[in-house]
Amino acid sequence: MKLSGGDKVLSVTIYVLLCILGFTAFYPFWNAGVVSFNLGTDTMKGGITFWPRAFSLENYEVVFKDKRLIDGFVISILRTVIGTVLTILATSIFAYGMTKRELIGRKFYMIACIFTMYFSGGLIPSYLLIRELGLMNSFWVMVIPGLISVWNMIIFRAFFMGMPAGLEESAKIDGSSNWGVFFRIIFPLSGPVLATLSLFTAVYHWNDWFAPGIYISNVDLLPIQTKLQQILNSNIMNEQMSKMDSSASSHLNQMRSVTSKSLSMATMMVATVPILCVYPFVQKYFVKGVLIGSLKE
Amino acid sequence: MSQTSIRTARETYSKPNGIVRLLRQWDIQLMVLPALLFIFLFSYVPMYGVLTAFQDYSLFKGFLGSPWVGFKHFEMFFNAPVFWDIMRNTLVISLLKLIVGFPAPILLALMLNEIGNRTFKRTIQTISYLPHFLSWVIVSGFVLSLLSTDNGSLNILLQKLNLIEEPINFLSMPEYFWGILVTTGVWKEIGFASIVYLAAIAGVDPHLYEAASMDGASRFRQMFTITLPSILPVVIVFSILAIGNLLNAGFEDILLLGSNPILRDVSDVLDTYVYRIGIENSRYSYATAAGIFKAVISVGLLAGANYVARRSGNSLW
């Protein structure tokens, strides 16, 4: 089919617009990456956009030698792995129980769950609850409150209910208990939904900086994202301070080639890389996951 | 006499009482009850906890020992000098986000749909979905770096184009804050939000396009006469959800990008106010009252939007 003149104009316009969009989506990453690989003192001279001018790994050396940042990284990994495994396990067991027609109180349970999707106590009552439970300043405050997700339960449940009933029946005839059926048949056959929801849960755990920020004051327990937020925040302060007292800060900067900007860029890259690594492999799953989620809305 | 005893015997046999049936299915109850207890503890207990808004809560006296004060905190909140500023910021920011952020992914989906080259389409999709998976901390780091006066890329660009002489300190000027906030939000979510619309577009019957092009409709025309009307139900459902979220002007993004106290007049919204007063200043009861105020209006907005939508035949529930 030949394109008419108007269609050609449209097509070209769209290609151009999408190229601009793609560029603006990509540039911040690229620029942050370039700055992180550039010598800090050189970056201060300005003009760093697409390519490092004075290539250097020094920023990363400083990041990887900083015990606080490494600790934060370890905490983030621990939190993400433990949080994701426990959440997915607990939520899927819950969801499987909720698929059972003979379950007494199923309807009531379901309403009680859905109600929490529309109403919540809000920030302060939850905060006070965590305080009264004695979870403040503990690693588990990052894992326990999010252990059961109603949203994920509903998606799991829809997936389980779509599985052929014969699978379960034959296992029952072979003498499996309900728990046996779940762990030996249902769970192993739920690959796609497990992948999608694990991805979303893991991303949530990796990215969450707010909850640890308010519940944890012990610096050794803070994940990398919260530490990064504190670094960026102090950078803003420094920028403001340096306006008032520029001589002092420039003196400080002369002493080393790593600046606060180059350092925070390197830290940001380190905190982003895990997501960039997983992302391409799970892309096909999350598109599916979003659609399941939106159908249920 | 014998008949009735047989009947009751059969009834007890075929329909054992509730407790017995419950005990018999202990295994599946064990799957759900711990989770429900959990939901009770972490969702329903805080809902009950909102009653602290009617107390003078103190950490030492606890929930049970704190005195009741009625609507005192609500009155204080409504009469607070910042109340109208906060309301204005909340409404303006969320309306701006709605007006710009809601059509943007639809437009992106429409444009992606016109792309024939699969590799190009895939690349744009992959790049534009990615920011959704980054934390707001990282995104705010990007913004701080791009807008920095200390050789931020935007200032470099504007200076090269001779539009400005001196670098502008974008993040400490109140007039730029709303724009920065909305742009960043769109940048982060446009790709991911377009997934749903792309799926809806994929479901449109291809015969419609064939028939339209036979009749001589241009691609541009087809976009508005076929694609858009076909995905309208999806658009309506999502717009209802967006209206229900109207008071969620943003939280993490405003905390991170608007942390500069100079910006407070334009950056403080209900959620950040609750956080600042409640957690940072420990005025728990007062902050809870502000939170309740927000929740009540949100529910009202959602119900109202749904009512309008039901009139048009596209209800949520």
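What counts, and where the lines are drawn
Residues numbered from 1 in each chain as written. Chains lettered and ligands numbered in written order. Predicted model: local features only at pLDDT ≥ 70, side-chain atom pairs only at ≥ 80, totals over all residues. UniProt positions renumbered as here; feature names shortened; annotations may be inferred. Helix = DSSP H or I, 4+ residues; strand = E, 2+ residues; numbered from the N terminus. Rg over C-alpha atoms; globule rule 2.2 N^0.38 Å. Contact = placed C-beta atoms within 7 Å. Buried ≥ 20, exposed ≤ 12 C-beta atoms within 10 Å, placed from the backbone. pLDDT = per-residue confidence, 0-100. Nonpolar A, V, L, I, M, F, W, Y, C, P; charged D, E, K, R; others polar. Core = buried A, V, L, I, M, F, W, Y, C linked by C-beta atoms within 7 Å. Expected span 1.5 Å × (residues − 1). Axes fitted to C-alpha atoms, helices over the stretch in contact; angles between N-to-C directions. Parallel < 35°, antiparallel > 145°, perpendicular 65-115°, else oblique.

Where an unreviewed UniProt entry is consulted, chain B appears under the name Carbohydrate ABC transporter membrane protein 1 (CUT1 family), with the organism given as Cohnella lupini. You can read under Sequence similarities (unreviewed entry) in the UniProt record for chain B the words "Belongs to the binding-protein-dependent transport system permease family."

The name given to chain A in an unreviewed UniProt entry is Carbohydrate ABC transporter membrane protein 2 (CUT1 family), with the source organism recorded as Cohnella lupini. Per UniProt, chain A carries the Subcellular location (unreviewed entry) text "Cell membrane". The Sequence similarities (unreviewed entry) field of the UniProt record for chain A holds the comment "Belongs to the binding-protein-dependent transport system permease family."

**Some remarks on the overall build of chain B**
Helix and strand counts for chain B stand at 17 helices and 0 strands. Taking 317 residues into account, the globule formula puts the C-alpha radius of gyration at 20 Å, and chain B, at 27 Å, lies well above it. Across its three principal directions, the C-alpha atoms of chain B cover 100 × 65 × 35 Å. Once local pairs closer than 6 in sequence are excluded, the contacts in chain B between residues at least 24 apart make up 69%.

**A few points about the overall build of chain A**
Within chain A, the secondary structure is distributed over 14 helices and 0 strands. Scanning chain A from its N terminus toward the C terminus, one meets helices and strands in the order α-α-α-α-α-α-α-α-α-α-α-α-α-α. Scored against the burial criterion, the 297 residues of chain A give a buried share of 35%. Sequence separation of at least 24 residues holds for 74% of the intrachain contacts in chain A that already meet a minimum separation of 6.

**With respect to the confidence of the model for chain B**
Residues and elements named next belong to chain B. For chain B, mean pLDDT is 85; residues scoring 70 or higher make up 93% of the total. Across chain B, the secondary-structure element scoring lowest on mean pLDDT is helix 1 (residues 2–14), at 51, and the one scoring highest is helix 7 (residues 103–113), at 92. We note a pTM of 0.85 for the whole complex and an ipTM of 0.86 for its interfaces.

**Notes on the UniProt feature "domain: ABC transmembrane type-1" (unreviewed entry) in chain B**
UniProt annotation of "domain: ABC transmembrane type-1" (unreviewed entry) refers to residues 87–305 of chain B when read in the numbering used here. Between the end C-alpha atoms of residues 87–305 of chain B there is a gap of 20 Å, over a span that is 75% helix and 0% strand.

**Quick word on the interface of chain B and chain A**
Listed per partner, the contact involves 66 residues of chain B and 79 residues of chain A. Among the elements that take part in the side of chain B that touches chain A, helix 3 (residues 26–49) of chain B stands out by supplying 14 residues, more than any other. Grouping the amino acids of the side of chain B that touches chain A by side-chain chemistry returns 41 nonpolar, 19 polar and 6 charged.

**Comments concerning the nonpolar core**
Phe 94 of chain A together with Val 274 and Ala 290 of chain B are the most contacted members of the largest nonpolar core, which has 98 residues in total. When sequence neighbours within four positions are dropped, the list of residues in contact with Ala 290 of chain B reads Phe 77, Leu 270, Tyr 273 and Val 274 of chain B. Formed by 20 residues, the second largest nonpolar core is a distinct cluster that contains Leu 108, Ala 109, Met 111 and Leu 112 of chain B.

**Let's talk about the environment of Tyr 60 of chain A**
Tracing the chain through its elements places Tyr 60 of chain A in helix 3 (residues 58–65). Judged by C-beta crowding, with 17 C-beta atoms within 10 Å, Tyr 60 of chain A ranks as partly exposed.

**Quick notes on helix 17 (residues 284–311) of chain B**
For helix 17 of chain B, spanning 28 residues, the distance from its first C-alpha to its last is 41 Å, which sits close to the expected 40 Å at 1.5 Å a residue. Where helix 17 of chain B is buried, its residues meet helix 6 (123–132) of chain A together with helix 5 (72–79) and helix 16 (270–280) of chain B.

**Let's talk about unusual backbone geometry**
The general pattern is negative phi for most residues beyond glycine and trans for most peptide bonds. Residue and element names in this part refer to chain B. Positive phi is not limited to glycine here, since Asn 162 has a value of about 60°. Structurally, Asn 162 can be placed in the loop between helix 10 (153–160) and helix 11 (174–202). Classification of Asn 162 as exposed rests on a count of 7 C-beta atoms within 10 Å.

**Remarks on the UniProt feature "transmembrane region" (unreviewed entry) in chain B**
All names here are of chain B. Within this structure's numbering, the places UniProt gives as "transmembrane region" (unreviewed entry) are residues 30–51, 91–112, 133–156, 176–202, 223–247 and 284–309. Its end C-alpha atoms 32 Å apart, residues 30–51 is made of 91% helix and 0% strand. Taken end to end, residues 133–156 is 67% helix and 0% strand, and its two terminal C-alpha atoms sit 28 Å from one another.

**Looking at the UniProt feature "transmembrane region" (unreviewed entry) in chain A**
All names here are of chain A. UniProt feature "transmembrane region" (unreviewed entry): in the numbering of this structure it lies at residues 12–30, 73–96, 108–127, 139–160, 181–206 and 263–282. Summarising residues 108–127: 80% helix, 0% strand, and an end-to-end C-alpha distance of 28 Å. Secondary structure across residues 181–206 comprises 85% helix and 0% strand; the distance between its end C-alpha atoms is 32 Å.

**Things to note about the packing of helix 8 (residues 118–129) of chain B against helix 11 of chain B**
Residues and elements named next belong to chain B. Relative to each other, helix 8 and helix 11 sit at 125°, their axes nearing to 7 Å. Classified by the angle their axes make, helix 8 and helix 11 are oblique. Here Gln 125, Ser 128 and Tyr 129 of helix 8 lie close against helix 11, whose contacting residues are Ile 190, Gly 191 and Phe 192.

**Quick word on the packing of helix 1 (residues 5–36) of chain A against helix 9 (residues 136–147) of chain B**
For the pair helix 1 of chain A and helix 9 of chain B, interaxial distance at closest approach is 10 Å and the crossing angle is 75°. Between helix 1 of chain A and helix 9 of chain B, the crossing angle belongs to the class labelled roughly perpendicular. Of helix 9 of chain B, the residues touching helix 1 of chain A (which contributes Pro 28, Asn 31, Ala 32 and Val 35 of chain A) are Phe 142, Ser 145 and Leu 146 of chain B.

**A short note on helix 10 (residues 191–207) of chain A**
In this model helix 10 of chain A runs 24 Å from its N-terminal to its C-terminal C-alpha over 17 residues, within 8% of the 24 Å that 1.5 Å per residue would give. Listing the buried residues of helix 10 of chain A in full gives Val 193, Thr 196, Leu 197, Leu 199, Phe 200, Thr 201, Ala 202, Val 203, His 205, Trp 206 and Asn 207 of chain A.

**Comments concerning the confidence of the model for chain A**
Summing up the model confidence of chain A, the mean pLDDT is 83 and the portion of residues at 70 or higher is 88%. Taken together, the stretch residues 244–255 of chain A has pLDDT below 50 and engages in 4 contacts with residues farther than four places along the chain or on a different chain.

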